[in-house]
Structures are given as structure tokens and as C-alpha cells.
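One-letter residues, chain by chain:
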Amino acid sequence: MKDLLTRGAFWLAATRLLVTVIGFASTVLLARLLMPEDFGLVAIAITVAALAGSVSELSLSSALVQHENPQRHHFDSAWTLNILRAALLAAVLAAAAWPVAALYGDQRLVGIMLVIAGTRLLGGFGNPRLVVFTRNLVFRQEFAMGVSQKLLGFVVALAVAVIYKSYWALVAGGAAAQLLGVALSYALLPYRPRLRLRGGRELFAFSMWLTLGRVVNTVNWRSDQLFIGYFLGSNMLGQYSFGDNLAALPTREATSPVAQTLFPAFSRLTHDRERLRAAYLRGQSLVSAVGLPIGFGLALIAEPLVVLAVGDKWLPAVVVIQILAGVFALQTLSSSLQPLAMALAETRSLFHRDLVNLGIRLPLIVIGLVTGGLIGVLLARVVSGLSGMAINMALVRRLIGIPIGEQIAANSRSLAATGIMAGVLAALVHAGVAAAALPALAAVIAAGAFTYVASLALLWLVTGRPSGPETDVVALAGTLVARFAMRPRVQPVTSPQ
């Protein structure tokens, strides 16, 4: 199990590293070529598509992963249901194109939404059998698909942006990536689907609550963009969505390699609660050890990073990054609840949690927007984000009996090392070192990374080398060194005398 997790995390880490690099380069270059209004306009259409998509989301892949022994008819049913769902979603988006354009007073939204509708329809034909890889903790296909899709999307978007300087670059890049994903899904694992619904009810039994939760979460996470676009305009929405995406990008991509292995790993331990509790604390602390320094580090260097990378026209996005990057980092302290609850088939509990979060976040967003504009929305997200973290921890305590104090204590060294790193970065940024040029900013980032790693290692040694993320890193390094040392060396061939 541990070897499978290690190999899986390695492939996912390689995937997320390349995807993050490509995504960051894409964001920076497109932000230089396009205007904030372009990002805001596309954000409106994508948000509407996400809201409509959440209503019809079936979460069938998760059901197939959790199923003890999925058969051919289960995969065929998933494929059929996904096509029906995609056709319905495309029809809804196409019909909504004109009303949405009228509501926001911009007819350009019609064409954008029609293209997105067609892309969503074709995306429904993806190969459901790819979950076989995930069930077996094999993630090489994630590397092939993730990197290929991101790279093609980047190339297409950049080409359109360079030639036309148009918002269509953002739409075309996403469409190209989606279509390539469908093609690759069959290239990686051949499958001849059949139209049938036998087994659909069995899959729904697991996915129903996930579907309802997805609806609630999408409304919860996306409604702020619709409100900002309507009340503050597409330019301010562009600044907000750019800052929001950039704030989430490093933390999300850096923690995904571990997070994606947790659901199938937890699913194998559901009959041994002691091992499950240990696995949860180990996995969650590793996620936070990676996410905490990245999130708070980004918040501290946000201003020089934005100015040097994309220019002064994006300065209003700085405050968005500064506030939200830290929130995303703290939320890693409880982000492993989702795979834990899914492994335990506690999807109804997740739905109830999502309803509570919606009841907290949405009113706060509206009140913040009315009373404080963009800053009010950001403060509302801080409060709702911290309350959501507390709710997650309480649910973990209920599901597997780990007290909240123990959940926090498992991350004490990572929190302390992050605090030390933040002090060093704050001093360097305040002194103006990071604002000189991109090489100087890179040096500041390197100094922060070194400070965090050194502090974490020192705290681990001082506390007696307890079990935690440091143990996993040392063990992984030892394994890699041992494998390299055991690799047979090629002897030079000498010619006969």
C-alpha cells in the first residue's frame, strides 16, 4: 500500500508541477495580452456554466472508485448517463445564452455561452473506465492527460491572444483542452461503450448526495462572481477572478498529488478504524506541510509578483491574492475530510455540511458586497473560510473520533515553521528586495523556501523526530537513494587487444 501511494504521489506530483508551471505561464502571458474586462466577461459565462453543470452533476467516477467490484454494465451505465447529462446541460446553456447576455447588458456573452455549451456536450463522451487506474492507485494516465491538456490549452489560448487580442483566447484554450481530454481517455484505455442503464441505480445510491452537495458548493463558491459582475462590472470581476485563481493555484496544485491518493487509499482502510485514523492524520499533515508555506508565502510576495509579472493594470488584484491565499492555506488543515467521508460512504454528511456552509457564506458575501464592496466580499470569505474549516474538523471528529485539538497538533511544526518563514519574507518584502526585478523576487522566494524547510527540520529534530510529514519525506528520500544505489551500472566495453 505504501509503495503504491508513494508511486502514485510521485506521478501526481510530476503532473501537478508541470501543470502549475504551464498554468502560471499561461495566466501571466494572457494577463499581459488581454484586459481585465476580458477575464471578467468569460468568468460570467463560465460561472453560469458551472452553476448549470452542478445541477446535473452525477459524480459517477467517484461512485465507480468506491464500488467494491464494478462490472462492464456499471461502466456502460456511467457512459450513457454522462452523455444524457451533457446533452441536457448543453441545451440549458444554449437556451440561457440570450437571457444572460441581456441581464449583464453584453451580447458577446451569447457566442461565448454557445461555444461552452458545445464543448460541454462533447465532453460528456469521455471514457468512464479511466477510474480503473485510480482504483489501483496508478496515476501515470493523470500525467499524460493533465500535462497534454494544459499544454494544448495554453498553446491555443496564446495563439488566439497574440493574433486577435480577444477574450476568445480564454474560451478557445478551454475548449481545446476539453476535446483533447476526451480523445486521450480512449487512447489510454480502449473501451467500446454501449448505451444501457443497467447498474445506474446502484451508482446513484452513492453519488446522489455528492451530486446535491456539488450543487450547493457551486452556488456557494461561484455566486460571488455573479454578484460582483452584476454590481461592480466586468472589469472589477476580472480583477477579482484573476486574483482568486492566482491565490488558489499554487496551494491547490502543490497539494493535489497527495490529496488525490487519499480517497482510494482511505477506501482500503474503512474496516480498520485505527489504521484509518493514523492514515488520515498522516495524509492531512502532509497536505498542510506543503500548502501552508506556499499559501502564506504567496500572500506576502503578491504585490511585487503581480507588478513584475503582469503589470500595474492588475494592481487591484493584489489585495485579493493577499487575503485569499492565506485562507486557502489554512483550509488545508481540514481539506482531507472530503476523501475521508467519501471513503466511508458518508456523502449525506458532506451534503449537510455543504448546506451549513452555504447558509453561512452566502449571506456574508451579500452583506459584505453591499456594505464594503470588494473588500467586504474578501472579509466575508475570510470569516466563512475559517468557519468552514472548523466545521470540517468537527465532522472528522464525529466520523473517526480524532479530537479537534489533535488534528491541529498534528500540524504544529508546520504552522510554527510557516510563521518563521513569514517573518523572514515580510522583512525582505518590506525592505524592497523583492520589487527590484524578477531575479531578486526569485531569490526572495528561495530564501523563504529555505527558511521553511530548515525550520521544519530543526523543529522535527528538537521534538525527537516524531511521526509526521517529515518522516514520510525522509523515508521517500531513503527509498529513492536506495533504488539509485542498487541500479546496475553499465560496464565500459573494452576492445580486445
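Here is what the cut-offs are and how they apply
Residues numbered from 1 in each chain as written. Predicted model: local features only at pLDDT ≥ 70, side-chain atom pairs only at ≥ 80, totals over all residues. Heavy atoms only, no water. Axes fitted to C-alpha atoms, helices over the stretch in contact; angles between N-to-C directions. Helix = DSSP H or I, 4+ residues; strand = E, 2+ residues; numbered from the N terminus. Parallel < 35°, antiparallel > 145°, perpendicular 65-115°, else oblique. Contact = heavy atoms within 4.5 Å. Nonpolar A, V, L, I, M, F, W, Y, C, P; charged D, E, K, R; others polar. Core = buried A, V, L, I, M, F, W, Y, C linked by side-chain atoms within 4.5 Å. Buried < 20%, exposed > 50% of the residue type's maximum accessible area, 1.4 Å probe, protein only. Expected span 1.5 Å × (residues − 1). Arc of directions from axis to C-beta. Phe/Tyr/Trp six-rings, centres within 6.5 Å; stacked < 30°, edge-to-face > 60°. 1 Å grid on protein atoms, 1.4 Å probe; cavity = no way out; pocket = protein on both sides within 12 Å on 5 of 7 lines; lining within 4 Å. Points joined across faces, edges and corners; volume = space filled by probe spheres on them. Bend = angle between axes of the 7 residues up to and from the residue. Salt bridge = Lys/Arg side-chain N within 4 Å of Asp/Glu carboxyl O. pLDDT = per-residue confidence, 0-100.

### Remarks on the packing of helix α4 (residues 72-104) against helix α5 (residues 108-123)
When two helices pack together, their arrangement is given by the angle between the helix axes and by the axis-to-axis distance.
Here comes step 1: The contact between α4 and α5 brings their axes to 8 Å, and the two run at 170°. Comparing the axis directions of α4 and α5 gives the class roughly antiparallel. Across from Ala86, Ala87, Leu89, Ala90, Leu93, Ala94, Ala96, Ala97, Trp98, Val100, Ala101 and Tyr104 in α4, the residues of α5 making contact are Leu109, Val110, Met113, Leu114, Ile116, Ala117, Arg120 and Leu121.
Here comes step 2: Across the contact of α4 with α5, the residue classes break down as 19 nonpolar, no polar and 1 charged.

### Things to note about the nonpolar core
Here comes step 1: Core analysis: the largest hydrophobic core is formed by 70 residues, its most contacted members being Leu109, Ile112, Tyr240 and Val310.
Here comes step 2: Among the elements that make up this core, the one with the highest residue count is helix α11 (residues 273-310) (9 residues).
Here comes step 3: Counting residues in each nonpolar core, the second largest holds 19 residues, with Leu281, Met342, Ala343 and Ile400 among its members.

### Thoughts on helix α16 (residues 412-430)
Here comes step 1: Taking 1.5 Å per residue as the helical rise, α16 with its 19 residues ought to reach 27 Å, and the 27 Å between its terminal C-alpha atoms agrees with that figure.
Here comes step 2: Inspection of α16 places Arg413, Ser414, Ala417, Thr418, Met421 and Leu425 among the buried residues, and these make up the whole buried set. One side of α16 carries all its buried residues, which in axial view fall inside an arc of 120°.
Here comes step 3: Backbone geometry just downstream of α16 places Gly432 in the positive-phi region, at approximately 85°.

### Comments concerning the packing of aromatic side chains
Here comes step 1: The tally for this structure, following the rule as stated, stands at 8 aromatic pairs.
Here comes step 2: An aromatic cluster is defined as three or more aromatic residues linked by ring pairs; in this entry it consists of Phe39, Phe242 and Trp314.

### Observations concerning empty space enclosed by the protein
Rolled over the atoms, a probe with the dimensions of a water molecule shows which regions are left empty.
Here comes step 1: Inspection of the entire model under this criterion finds 2 cavities of 30 Å³ or more.
Here comes step 2: As a volume, the second largest cavity reaches approximately 40 Å³.
Here comes step 3: Residue lining of the second largest cavity: Phe24, Thr27, Val28, Phe242, Leu246, Leu305, Val306, Ala309 and Val310, and that is the complete set.
Here comes step 4: The biggest single contributor to the lining of the second largest cavity is α11, with 4 residues.
Here comes step 5: Tallied by class, residues from the lining of the second largest cavity come to 8 nonpolar, 1 polar and no charged.

### Quick word on α11
Here comes step 1: Along α11, the helix axis deviates most sharply at Ile301, where the bend reaches about 65°; the proline Pro304 sits within four residues downstream.
Here comes step 2: Where α11 terminates, the next one or two residues include Gly311, which has phi positive at roughly 100°.

### Considerations on the pattern of salt bridges
Here comes step 1: Applying the stated criterion across every chain yields a total of 8 salt bridges.
Here comes step 2: Measuring nitrogen to oxygen at the nearest pair gives 2.7 Å for the salt bridge that ties Asp354 to Arg353. Just as Asp354 is buried, Arg353 falls in that class too.
Here comes step 3: Connected via shared salt-bridge partners are Asp224, Asp244, Arg361 and Arg381.

### Overview of the packing of α11 against helix α12 (residues 317-331)
Here comes step 1: At their nearest, the axes of α11 and α12 sit 7 Å apart, and the two run at 175° to each other. Between α11 and α12, the crossing angle belongs to the class labelled roughly antiparallel. Here Gly291, Leu292, Gly295, Phe296, Leu298, Ala299, Ala302, Glu303 and Val306 of α11 come into contact with α12, specifically with Val318, Ile321, Gln322, Ala325, Gly326, Ala329 and Leu330.
Here comes step 2: Class assignment of the residues belonging to the contact of α11 with α12 gives a composition of 11 nonpolar, 4 polar and 1 charged.

### As for the environment of Val147
Here comes step 1: Structurally, Val147 is set in helix α7 (residues 140-164).
Here comes step 2: Accessibility expressed as a relative area gives 14% for Val147, which makes it buried.
Here comes step 3: In this structure the C-alpha to C-alpha distance between Val147 and Ile22, which are 125 residues apart in sequence, comes to 8.4 Å.
Here comes step 4: In this view, Val147 contacts Thr15, Leu18, Val19, Ile22 and Glu142; residues no more than four positions away in its chain are not counted.

### Thoughts on the confidence of the model for the chain
Here comes step 1: Looking at the chain as a whole, its pLDDT mean stands at 84, while 83% of the residues score no less than 70.
Here comes step 2: Ranking the helices and strands of the chain by mean pLDDT puts α12 first, with 95, and helix α3 (residues 60-66) last, with 60.
Here comes step 3: Note that pLDDT drops below 50 for residues 492-497; the model gives that stretch 0 contacts with residues more than four away or on any other chain.

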